[in-house]
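Reading the structure
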Amino acid sequence: MQKKINELHTFTFNAFSEQTYLLDHGNGEATVFDPGMSNVAEREYFDSFLADNGLTLVGCLLTHAHLDHVMGANWIASKYGLLPRLHPSDVPTWDMAEKSAQLYGIPMDPLPSRGEDLGDQGSIVECGKFNLEIRLAPGHCIGHVVFVCHEHEFVIGGDVLFNGSIGRTDLPGGNASTLAHSITEQLYTLPDSFEVHPGHGPSTTVGKEKAFNPYVNSEGTGMIQ
Ligand SMILES: [Zn+2]
Ligand SMILES: [Zn+2]
């Protein structure tokens, strides 16, 4: 799908095909979302992308703290001096990430310290010309947030709503009806034209998912699974 803006760059990283996003602020600075770069090749690719585009990384934001979304957090902290910012309600997920990596048998750097907590529902994170509204969208995990840019009509959505699917709800902190509620209240209330850029798989729009997503029913009251 052609993105509405040219400033949002997508990288597919690690064994989970997680999508890391880089938002170019338009002033030489950029913010990374869900840094999942997991090995030297992925890290060098990301680093060269910044250099080739003359970008200085100034922020590191997380939709949530599942291991596939934080595997590069230590590297970002040591390479760029930026600590990941998470919503405090997702700290239980953060606290489990390293243990989850051990369970999956996947090597993972220890997590760095966390940066300043993300603000609550409705607060705004400024990324240069892009104002991103934080919306709480639990259900995939306990403290998931999505970042909504109203002016440019896009969402950095993590693992809540996928193109034709939804985030899994069988992991600790997951809950299917909570996820349905998050999707209908926090995403389906946006205009149909808004693009959703998810943590896995192709991007989509609010209108397309409202019309065709088989996992959230048309009344928005629950799941059809
Ligand atoms: Zn996840
Ligand atoms: Zn994920």
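See the structure shown above.
Since this is a predicted model, take the numbers as computed values, not measurements.

**Observations regarding the environment of S38**
Within the element layout of this structure, S38 appears in the loop between β3 (29-33) and α1 (40-52). In this structure the C-alpha to C-alpha distance between S38 and A15, which are 23 residues apart in sequence, comes to 8.4 Å.

**Overview of the nonpolar core**
If you look at the biggest cluster of nonpolar residues, it comprises 54 residues, and the most contacted ones within it are L23, V146, F147, V155, I183 and L187. Among the elements that line this core, the one with the most residues is strand β7 (residues 145-149), at five residues. Apart from the residues lying within four places of it in its own chain, the contact partners of L187 are V146, V155, V160, L161, V196 and V206.

**Some remarks on α1**
Spanning 13 residues, α1 covers 18 Å between terminal C-alpha atoms, matching the ideal 18 Å at 1.5 Å per step. Positive phi appears at G54, one or two residues downstream of α1, with a value of about 65 degrees.

**Let's talk about the sheet that holds strand β6 (residues 130-136)**
With respect to topology, six strands assemble into an open sheet ordered β5-β6-β7-β8-β11-β12, the strand pairing being mixed. If you trace the sheet from one side to the other, it starts and ends with β5 (124-127) and β12 (204-205), each paired once. Across four bridges, β6 lies against β7 in antiparallel orientation. In the strand pairing of β7, I134 is matched with F147.

What counts and how
Residues numbered from 1 in each chain as written. Chains lettered and ligands numbered in written order. Predicted model: local features only at pLDDT ≥ 70, side-chain atom pairs only at ≥ 80, totals over all residues. Helix = DSSP H or I, 4+ residues; strand = E, 2+ residues; numbered from the N terminus. Core = buried A, V, L, I, M, F, W, Y, C linked by C-beta atoms within 7 Å. Buried ≥ 20, exposed ≤ 12 C-beta atoms within 10 Å, placed from the backbone. Contact = placed C-beta atoms within 7 Å. Expected span 1.5 Å × (residues − 1). Pairing = 2+ DSSP bridges.

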